[in-house]
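# Observations on chain architecture
Next come the chains, spelled out residue by residue.
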Amino acid sequence: MLVLGIETSCDETAAAVVEDSVRPRSNIIASQAALHQRYGGVVPELASRRHNERLLPVVHLALEQAGVAWDDIDGIAVTRGPGLVGALVVGVAAAKTLAYVRGLALVGVNHLEGHLFANAIDHEPEPSGGLLPTPSLALIVSGAHTDLILVEGAHAYTILGRTRDDAAGEAFDKVARAMGLGYPGGPALDRLGQTGDPSLVPLPVPFQDKGYDFSFSGIKTAALRVLAAQPAPEPVFLAGLAASLQRVVAEALVRKVGRAAREHHPRAILLAGGVAANSVLRRRLADEAQGLGIMVRIPPPILCTDNAVMIAACGASLLSRGKRDGWDLGASANLPL
Ligand code: KG4
Ligand code: ZN
């Protein structure tokens, strides 16, 4: 089975072809980072227009790179939410039109569930036919979400906790922006921190209560205050701040993952979302899982940030279970998992 995936929820225009649910044949991502950089964040109206201009060429490139024609495609999977509604609408309208014209099955995918399915790519499906190991414990960390989830079966989830304020990626982006690292700041913060002393700035590990919710706005404010107290920060200080912030954010996330794993005994721990590309978090989570003796899956960085391979994989799983959407499929900015 060949599925075309389409993703336009934020500022990447992406299309991909995936074979047999888990084998990527192409992965095209047209990033709009340069367009939004000068505004310090994504401008929704500009994002929608750019998706409109780029999407069809990106889809054609995905087919070309995969070496397939329209006749070879079995279905189209498209992100229907959550995300910027004007950006989502472009992908959904294009997917519906292409599916109608080409007579193909159509399925809408939840962006967060898509992120989870990055963990299925290039892995053998389970004996049950599911693409993800279950039961598993999943941490989805992106620019807009920080969710701790139990994956109980195929497409069956229980949310254990989520952020009460800023997402982890949002805290990284805002501090990075104040440090002059541009947008999106997470990747730049990651690079800078690699040369810094992670104990240079004594930041507290945020929000260690008994529950599974997270909170990152306090640590963001603390980091911004430390920065504001340095009128002319030295490079050593900036690198140290980057390293210190990442250390405590990773620590806050991983401690709760560890506690949830001890309570729920999952077969695997899955990391997903743009912040899963973070080198500090990847290392810290892998160590925790090893200590617990639980298998961990962390996708390659290119599949952590927004892409259409993960959407096609999730869509393929839904299509193979008979799920279809009709021509009334709509975009939903706040779609829950
Ligand atoms: O999943 P994603 O691409 O888009 C959303 O669905 O939000 O996540 C984007 C977020 C941004 O906050 C970005 O700064 C962060 O992921 N990010 C990183 C890294 N790469 C991307 N944060 C820390 N370290 C990275 N290497
Ligand atoms: Zn995302």
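Our structure's up above, just so we're on the same page.
The following refers to the structure shown. (Residues numbered from 1 in each chain as written. Chains lettered and ligands numbered in written order. Predicted model: local features only at pLDDT ≥ 70, side-chain atom pairs only at ≥ 80, totals over all residues. Heavy atoms only, no water.)

## Remarks on the overall build of the protein
Counting its regular elements, the protein contains eleven helices and ten strands. Relative to the compact-globule value of 20 Å for 337 residues, the protein shows a C-alpha radius of gyration of 20 Å, a close match. Within the protein, buried positions represent 54% of all 337 residues. Pairs at least 24 residues apart make up 74% of the contacts formed inside the protein by residues separated by at least 6 positions. As presented, the protein carries roughly 13700 Å² of accessible surface, and 53% of it is formed by carbon and sulfur atoms. Here the protein contributes 30 positive and 33 negative side-chain charges, whose respective centroids are spaced 4 Å apart. (Helix = DSSP H or I, 4+ residues; strand = E, 2+ residues; numbered from the N terminus. Rg over C-alpha atoms; globule rule 2.2 N^0.38 Å. Buried < 20%, exposed > 50% of the residue type's maximum accessible area, 1.4 Å probe, protein only. Contact = heavy atoms within 4.5 Å. Areas by Shrake-Rupley, 256 points an atom, 1.4 Å probe, with all protein chains shown as cover. Lys, Arg positive; Asp, Glu negative; His and termini not counted. Charge placed at Lys NZ, Arg CZ, Asp CG, Glu CD.)

## Observations concerning the packing of aromatic side chains
By the definition in use, this model includes two aromatic pairs. Taking 5.4 Å as the distance between ring centres and 85 degrees as the angle between the ring planes, the aromatic pair formed by Tyr 100 and Trp 327 counts as edge-to-face. Here Tyr 100 is found in helix H3 (residues 85-102), whereas its partner Trp 327 is found in the segment after helix H11 (309-320), with 227 residues between them in sequence. When the ring centre of Phe 214 is taken as reference, the NZ or CZ atom of Lys 256 above it lies at 5.9 Å. (Phe/Tyr/Trp six-rings, centres within 6.5 Å; stacked < 30°, edge-to-face > 60°. Lys NZ or Arg CZ within 6 Å of the ring centre and 35° of its normal.)

## Side note on the sheet that holds strand E6 (residues 136-141)
Through backbone hydrogen bonds, the strands of a sheet pair up, either in parallel or in antiparallel fashion. Reading across from one edge, E8-E7-E6-E9-E10 is the order of the five strands in this open sheet, with mixed pairing throughout. Lying at the two open borders of the sheet, with one neighbouring strand each, are strand E8 (156-162) and strand E10 (295-297). Each neighbouring strand pair of the sheet contributes to a mean axis angle of 20 degrees, computed without reference to strand direction. Along the sheet face, helix H8 (residues 235-264) touches E6, strand E7 (146-153), E8 and strand E9 (268-272) and points at about 160 degrees away from the line of E6. (Pairing = 2+ DSSP bridges. Axes fitted to C-alpha atoms, helices over the stretch in contact; angles between N-to-C directions.)

## Digging into a nonpolar patch on the surface
On the surface, a cluster of nonpolar side chains totalling about 390 Å² of accessible area is made up of Tyr 100, Val 101 and Trp 327. Structurally, Val 101 can be placed in helix H3. (Patch = residues over 30% accessible without salt bridge, like charges linked within 9 Å, V, L, I, M, F, W, Y side chains within 5 Å. Salt bridge = Lys/Arg side-chain N within 4 Å of Asp/Glu carboxyl O.)

## Here we look at the sheet that holds strand E1 (residues 2-7)
Taken in spatial order, the five strands of this open sheet run E3-E2-E1-E4-E5, and their pairing is mixed. Each end of this open sheet is capped by a strand with a single partner; those strands are strand E3 (23-31) and strand E5 (105-110). For this sheet the average axis-to-axis angle between neighbouring strands, irrespective of direction, equals 20 degrees. Taken together, the six bridges between strand E4 (residues 75-81) and E5 define a ladder with parallel strand orientation. Following the sheet pairing, Thr 79 is matched in E5 by Val 109. Contacting E1, E4 and E5, H3 runs over the sheet at an angle of about 160 degrees to E4. The strands touched by H11 are E1, strand E2 (12-19), E3, E4 and E5; relative to E5, the strand with the most contacts, the crossing angle is about 120 degrees.

## What about the coordination of the zinc ion (ligand 2)?
Ideal donor angles around a metal are set by the shape: a four-donor tetrahedron calls for 109.5 degrees, a six-donor octahedron for 90 or 180 degrees. The coordination sphere of the zinc ion (ligand 2), as far as protein atoms go, consists of His 111 (NE2), His 115 (NE2) and Asp 306 (OD), spread over 2.0 to 2.1 Å. One chain supplies every donor for the zinc ion (ligand 2), spaced along it as H-x3-H-x190-D. One end of the pair, His 115, is in helix H4 (residues 111-117); the other, Asp 306, is in the loop between helix H10 (301-304) and H11, and 191 residues separate them in sequence. Like His 115, the residue Asp 306 is buried in the burial classification. (Donors = N, O, S within 2.8 Å, 3.2 Å for Na, K, Ca; no water.)

## Points about the environment of Val 22
Along the polypeptide, Val 22 turns up in the loop between E2 and E3. Apart from residues no more than four positions distant in its own chain, Val 22 is found in contact with Ala 120, Ile 121, Asp 122, His 123 and Leu 131.

## Let's talk about unusual backbone geometry
With omega at -5 degrees, the peptide bond leading from Thr 134 into Pro 135 counts as cis. Considering the arrangement of structural elements, one finds Pro 135 in the loop between H4 and E6. Following Tyr 183, the chain continues to Pro 184 via a peptide bond in cis, the omega torsion being -10 degrees. Within the fold, Pro 184 resides in the loop between helix H5 (168-178) and helix H6 (185-193). In this structure, Asp 20 is a non-glycine residue whose phi angle is positive, near 45 degrees. Along the polypeptide, Asp 20 turns up in the loop between E2 and E3. What makes Asp 20 partly exposed here is its relative accessible area of 36%. Look at Phe 207: it is not a glycine, yet its phi comes out positive at around 50 degrees.

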